[in-house]
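Chain by chain, the residues:
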Amino acid sequence: MSRDWSAEAVRREITRPDPLLVSWSSTGRPAASRNAVLGATTGGDWQQFPLRGSTDSLNEEILAAFRGLRHRQLIVLGAPGAGKSGFAVLLTLALSGTRETSEPVPVLLAISEWDPTEPVDAFISRRVSEDYAAVLAHHGEPRVLAARLLEHGLIFPVLDGLDELAAGASGTALEALDVYAAGRRPLVVTCRAHEYEQAVIRSETVLITAAVVELDPVTMDAAVRFLSYPEMARTRWEPVFTHLRDQPDGPLAATLSTPLMVALARTAYREAGTDPAELLELPDREAVSGRLMDAYVTSLYPGRGRRWLGTLAYHLYLRGTRDLHWWQIPAGILAARQRLTQLGTVAAGALLVGSCTAVAGGGGPGFVTGIVAVLLAARGWLRPLWPHDGRPYLPARFLTTQQRALRTAGLGLGYTFGCATAVAAMTGYWTASLLGGLVSMPATAGFWMRAPVESSSRHGWRAVAGVAAPIALLSGVSYATVAVLTDAAALSLGVRAALVHGGTVVLVSSGWVWLRFRLTHLRLAVIGRLPWRLNAFLNEAYRHGVLRKAGPAYQFRHALLQDHLAQATRVEHLATRTGTGDRAVVGHVPSPPKERTMPDHEGGDYTPDSAFATRPPLGPEVPPEIRLRMDERDRLSALIDSGRLSEAFESLPPDFSSPDHSLIGHLIERLIASGMTHRANRILEIWAANGDKDAQQRLAENLYDQGRIDELRRRAFLGERAAALRVISRILAEDSTEVAMRFARQLTAIPDLYPVLAAEFGDLEPLKAWFRAGSNEATEALAFWLEIQGDIDDAVDLLRTRTSGGDRWAADILADLLARHDRTAEAIQVLRPWVDAGHRNEARHTADLLAGQGDYDEAVRLLRARADAGSEFAKVDVMAYRSKVHPDEHQIDRLREAVSLGLRLKPFEARRLARLLVRRGRIREAVSYLRANTDNHERWVVHLLAWLTDQVNKRLPHDG
């Protein structure tokens, strides 16, 4: 592993001849306190006593800083191209080179395709088993070994690219990482600074024992020293060095402030005939970075290689991903008429397979059988039996255990007797064929739900053969045996049965994916869009450092390079589609797969929300309609990012529409932050009128802060709940309860508001009337207030009525109510029918109740079946229950530890701790933490403290 990463560091120009000098220090962004991270008791924060250092040839400063962390947990931030991945590689090399026998092995993993709903433990063990399957296979099953190594603390994950997750997923990912880090396990995560800050805000989470450092821009001296290697190239670089010294704030200096661009520059102008002085003539930073990436690719692939890389980059752009898998290349990519090309690919595959089946002995019926098999595989109707695409098959909706078993049985029955019918048509032995299918079904059922494929077009068939061969053999033997008993031709029947059954499995499991790729590859190679030897090209690009490997997938060395290459291909393809009369492309100019950010001249963040960060100038081949839409979006983005907000606002159409909705959202936040709230409100008013709930919420906040209560009242009468709640909040603060009640009664457009508010002040009659009208929402509210008033039996009877009618939602509420009043056995009985029916939420709820009674073994038994079936959530819960710890307690303990060190929690940390404590029934403790760690003048704190205190002191007899 150390040898592989050493070679990777050289390939990426990280350690050749020495690392580019990049300084780093403690960040000023949201982070855990110094005392919580280091366990220090001397006081002071990160700004007074920061962690700091720089890269060096022996990685000594990185290593020393990391080993000085009490829990060995570190988050590395930086701008795009700032060297975060390089830092991770250097740290991995330093740790592996100095590792003691008892220490965990550092493993660097790219996490761009991690779904944060998958527990961190499961993701790490899965990726380790995939990346190092060849090593682990010598000692057992790779997935099992990886899980055990992680469980015993022998793997130390270095997770690179938190910002590369799907849009909006980084907050959820940060929460998942916080749960993982709660076990005091070492961890390193890299992320873009802006994405990290947004994730913290969204999730209200920081890793409470992790240090956070941020990489600084590359200094001019460091860039000059790095570009001076090799020595014979220095003369050609002298004009550039002189320019950098004379204009340290110019566009060239700004571009060469990131390790990515410095490394690209050295490779791009390494050959003797190149002249880096051409960079001096470019007007701005975007032009410089675009020219550097062009020169870099051209230096490695002066011919058609750039065109091939552009095709791959465009494919990734369309999928919105960074991981390249050959089987995901769609049939219609870069086709002028995509739908027609996709249908043609299926037709060609069907004719090819049908012809092969006919030649193999099936004749006319065999030809039809082959076509039908391809159509089944292309449509994916049998896919649940043999998943492909390299991932577990995920159905469109959740199925219970019984439903899944019925679906599998139904598909298996259809597959078996469909094949039997085909064999009968090919041989004429109908009775023997149908009986043979019946006999073969129980013999082959054990091989359903198998056969993933790997990411190389030369591999993966071993896994397919491991399923298809036994099915073919067992089917052939079953049919031949029946043939002997029925006086049919045993050999003919057995051979054809093996061909049909096994061939269908091959097609469904991954054969069709492979065939579709081969046909698509053939088309793209003919038109010069891909090389004939794709695997050889990918390996060559990897050796050159254009691509890198992330487990079984390839990635471009940086997202900025991928986006740059994709853009030219994208524009060319849109022009081609427009030329065929496809006018749909004029109004559909898609955004890049992820927001790209680049530091501006002053070191801040430049965030082109809707345009590629380094889009080259549009060529004359681009149709005017597309040019207009792209220019409009790029112009708006440039105005926002340069701070010319008034011009950006005035440039919008009357309906405030845009090719990029998120870009307008970014403008709204910038307008509010700059004091131009009235203009932000004008946009929000239009969106709110169109039913945008988020816009209604944001507009209500602005109007409340501005004191515009009359406008809020008007909107409340139009049915905007956010406005109504703001008005009621003001009335309660300045007037009487009666006035607030009278106002709520008048809001006929929001019928549930008055009953809930009346119940808040002790009058349950409106809520009961709402309940009698048949409202499900009233059920929980009425039960809650009956409980608050002490009418526990009435609340129980109310919910039992709903539960007996088959209301699973009411059953969950009733179980919670009974458990709060020490009637856990009754609660478990309420949930039992739903658990027996295979409902996962009720099973987890019951396990929580059992654990609350201390019956952890029974909780484990209840969830073990789901865990064994592959549910990652059930696996995590089972591990927690085996440790006799509730999963919520991990997070509570981490936040309480910070308080025990004498720290004052940040508001979002205090709110999160309070929420967890309330969920565990510890309301008094939640109140104390809120009072000690928040600003009591904040509105949300006032309301939450008042409610929680009321539960403790006036209404509930105990913390539950």
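Residues numbered from 1 in each chain as written. Predicted model: local features only at pLDDT ≥ 70, side-chain atom pairs only at ≥ 80, totals over all residues. Heavy atoms only, no water.

Going by an unreviewed UniProt entry, the protein carries the name NACHT domain-containing protein and comes from Actinoplanes missouriensis.

J.: Help me understand the overall build of the protein in this model?
T.: Along the backbone of the protein there are 43 helices and 11 strands. Across the 960 residues that make up the protein, the buried fraction comes to 52%. Residue pairs in contact within the protein that sit at least 24 positions apart in sequence constitute 67% of those at least 6 positions apart. Carbon together with sulfur atoms contributes 55% to the accessible area of the protein, which is approximately 42,200 Å² in total. (Helix = DSSP H or I, 4+ residues; strand = E, 2+ residues; numbered from the N terminus. Buried < 20%, exposed > 50% of the residue type's maximum accessible area, 1.4 Å probe, protein only. Contact = heavy atoms within 4.5 Å. Areas by Shrake-Rupley, 256 points an atom, 1.4 Å probe, with all protein chains shown as cover.)

J.: What's the story with a nonpolar patch on the surface in this structure? I'm lost.
T.: Together, Leu-522, Val-526, Ile-527 and Trp-532 line one region of the surface with nonpolar side chains, adding up to about 430 Å² of accessible area. Here Leu-522 shows up in helix α20 (residues 490-526). (Patch = residues over 30% accessible without salt bridge, like charges linked within 9 Å, V, L, I, M, F, W, Y side chains within 5 Å. Salt bridge = Lys/Arg side-chain N within 4 Å of Asp/Glu carboxyl O.)

J.: How do you make sense of the packing of aromatic side chains when you look at a structure like this?
T.: Applying the stated criterion across every chain, the model contains 11 aromatic pairs. Consider the rings of Trp-237 and Phe-241, whose centres lie 6.1 Å apart with planes at 15°: the pair is stacked. Here Trp-237 and its partner Phe-241 are both found in helix α11 (residues 234-246), 4 residues apart, which amounts to about one turn of the helix. Comparing Trp-237 with Phe-241 shows no difference in burial state: the two are buried. A network of ring pairs unites the aromatic residues Trp-237, Phe-241 and Tyr-269 as a single cluster. (Phe/Tyr/Trp six-rings, centres within 6.5 Å; stacked < 30°, edge-to-face > 60°.)

J.: Where do I start with the UniProt feature "transmembrane region" (unreviewed entry) in the protein in this structure?
T.: The UniProt entry lists residues 343-361, 406-426, 463-485 and 497-515 under the feature "transmembrane region" (unreviewed entry), expressed in the numbering used here. Span residues 343-361 is 100% helix and 0% strand, its end C-alpha atoms 27 Å apart. As annotated, residues 497-515 comprises 100% helix and 0% strand, and the C-alpha atoms at either end are separated by 22 Å. (UniProt positions renumbered as here; feature names shortened; annotations may be inferred.)

J.: Explain the packing of helix α31 (residues 753-760) against helix α32 (residues 765-772) to me, please; I cannot follow it from the model alone.
T.: When two helices pack together, their arrangement is given by the angle between the helix axes and by the axis-to-axis distance. Two elements in contact, α31 and α32, have axes separated by 7 Å at closest approach and are oriented at 140°. When the interaxial angle is binned, α31 and α32 end up oblique. Considering the relative orientation of α31 and α32, their crossing is left-handed. Contacts from Tyr-754, Pro-755, Val-756, Ala-758 and Ala-759 of α31 reach α32 at Pro-766, Leu-767 and Trp-770. Residue classes in the contact of α31 with α32 are distributed as 8 nonpolar, no polar and no charged. (Axes fitted to C-alpha atoms, helices over the stretch in contact; angles between N-to-C directions. Parallel < 35°, antiparallel > 145°, perpendicular 65-115°, else oblique. Left-handed = near helix turned anticlockwise from the far one by under 90°. Nonpolar A, V, L, I, M, F, W, Y, C, P; charged D, E, K, R; others polar.)

J.: Which parts of the structure should I look at to understand unusual backbone geometry?
T.: A negative phi angle characterises most non-glycine residues, just as the trans form characterises most peptide bonds. Even without being glycine, Arg-72 reaches a positive phi, approximately 55°. Topologically, Arg-72 is positioned in the loop between α3 (60-67) and β3 (73-78). Residue classification places Arg-72 among the partly exposed positions, given a relative accessible area of 28%. In the Ramachandran plot, Asp-487 falls in the positive-phi region, its phi being about 65° despite a non-glycine side chain. Position of Asp-487 relative to the elements: it lies in the loop between α19 (461-485) and α20. Classification of Asp-487 as exposed rests on a relative accessible area of 73%.

J.: Sorry if this is basic, but what is going on with the pattern of salt bridges here?
T.: Opposite charge on two side chains allows them to pair when their charged atoms are near. Overall, the coordinates contain 22 salt bridges when judged by the stated rule. Across the pair Arg-306 and Asp-294 runs a salt bridge, and its minimum N-O distance is 2.8 Å. In this pair, Arg-306 sits in helix α15 (residues 305-319) while Asp-294 sits in helix α14 (residues 285-300), placing the two residues 12 residues apart along the sequence. The partner of Arg-698 in a salt bridge is Glu-701, with the nearest N and O atoms 3.3 Å apart. Residue Arg-698 and its partner Glu-701 are located together in helix α27 (residues 693-705), separated by 3 residues, close to a single helical turn. Judged by its relative accessible area of 21%, Arg-698 falls in the partly exposed class. A relative accessible area of 25% means that Glu-701 is categorised as partly exposed.

J.: What is the right way to look at the pairing of strand β4 (residues 105-110) in this model?
T.: In summary, the side chains of a regular strand alternate between the two faces of the sheet. In terms of residue burial, β4 counts as a mostly covered element, since 5 of its 6 residues are buried. Pairing geometry for β4 and strand β5 (residues 155-160), over 6 bridges, is parallel. Paired with Val-107 across the bridge in β5 is Pro-157. (Pairing = 2+ DSSP bridges.)

J.: Looking at this model, I keep getting lost on the environment of Leu-747. Mind explaining?
T.: Mapped onto the elements, Leu-747 comes out in the loop between α30 (737-746) and α31. Leu-747 sits in the buried class, given a relative accessible area of 2%. A sequence separation of 27 residues divides Leu-747 from Glu-720, and the C-alpha atoms of the two residues are 9.8 Å apart. Beyond its immediate stretch of four places on either side in the chain, Leu-747 contacts Ala-716, Phe-717, Ala-724 and Leu-753.

J.: What's the story with the pairing of β3 in this structure? I'm lost.
T.: With 6 of its 6 residues buried, β3 lies for the most part within the structure. As paired elements, β3 and strand β6 (residues 187-192) share 6 bridges and run parallel to each other. Across the sheet, Leu-74 pairs through a bridge with Val-188, a residue of β6. Here β3 pairs with strand β7 (residues 211-215) via 4 bridges, running parallel. Directly across from Ile-75, in β7, lies its bridge partner Val-212.

J.: Mind showing me how you'd approach the sheet that holds β4 here?
T.: Consider a sheet: its strands pair through backbone hydrogen bonds, and that pairing is either parallel or antiparallel. What the 7 strands build is an open sheet, ordered β2-β1-β7-β3-β6-β5-β4; its pairing is mixed. Of all the strands in the sheet, just β2 (52-54) and β4 have a single pairing partner and so form its edges. Neighbouring strand axes in the sheet, compared pairwise and without regard to direction, differ in orientation by 20° on average. On top of the sheet, α3 reaches β1 (23-26), β2, β3, β5 and β6; it is set at about 15° to β1, its chief contact.

J.: Just checking my understanding: could you explain α31 for this structure?
T.: Note that an α-helix has 3.6 residues per turn; residues three or four places apart therefore point the same way. Counted residue by residue, α31 has 6 buried out of 8 residues, so it is predominantly covered. Of the positions making up α31, those classed as buried are Leu-753, Tyr-754, Pro-755, Leu-757, Ala-758 and Ala-759.

J.: Even after reading the chapter, I still don't get the confidence of the model for the protein, so can you show me in this structure?
T.: Any region with low pLDDT has predicted coordinates that should not be read closely. Confidence in the prediction of the protein, expressed as mean pLDDT, is 78, and 79% of residues score 70 or more. With pLDDT under 50 throughout, residues 586-621 is counted as low confidence; its partners more than four residues away or in other chains account for 116 contacts. Counting contacts from residues 935-943, a segment whose pLDDT is below 50, to residues more than four positions away or on other chains yields 17 contacts. (pLDDT = per-residue confidence, 0-100.)

J.: Sorry, what's going on with helix α28 (residues 709-717) here?
T.: Every buried residue belonging to α28 is among Ile-709, Glu-711, Leu-712, Arg-715 and Ala-716, and all of these are buried. Angular distribution of buried residues about the axis of α28 spans 155°; they occupy a single face of the element. Residues of α28 that are buried make contact with α26 (677-689), α27, α29 (721-734) and α30. Looking one or two residues beyond α28, the residue adopting positive phi is Gly-719, at roughly 105°. (Arc of directions from axis to C-beta.)

J.: I keep staring at the environment of Asp-812 and nothing clicks. Help me out?
T.: Mapped onto the fold, Asp-812 is located in helix α35 (residues 808-820). The class of Asp-812 is buried, set by a relative accessible area of 19%. Apart from the residues lying within four places of it in its own chain, the contact partners of Asp-812 are Leu-831, Glu-842 and His-845.

J.: Could you clarify how one ought to interpret the environment of Leu-334 in this entry?
T.: Structurally, Leu-334 can be placed in the loop between α15 and α16 (338-379). For Leu-334, the residues in contact, after removing those within four places along its chain, are Thr-311, Tyr-314, Arg-523, Leu-524, Arg-529, Thr-569 and His-573.

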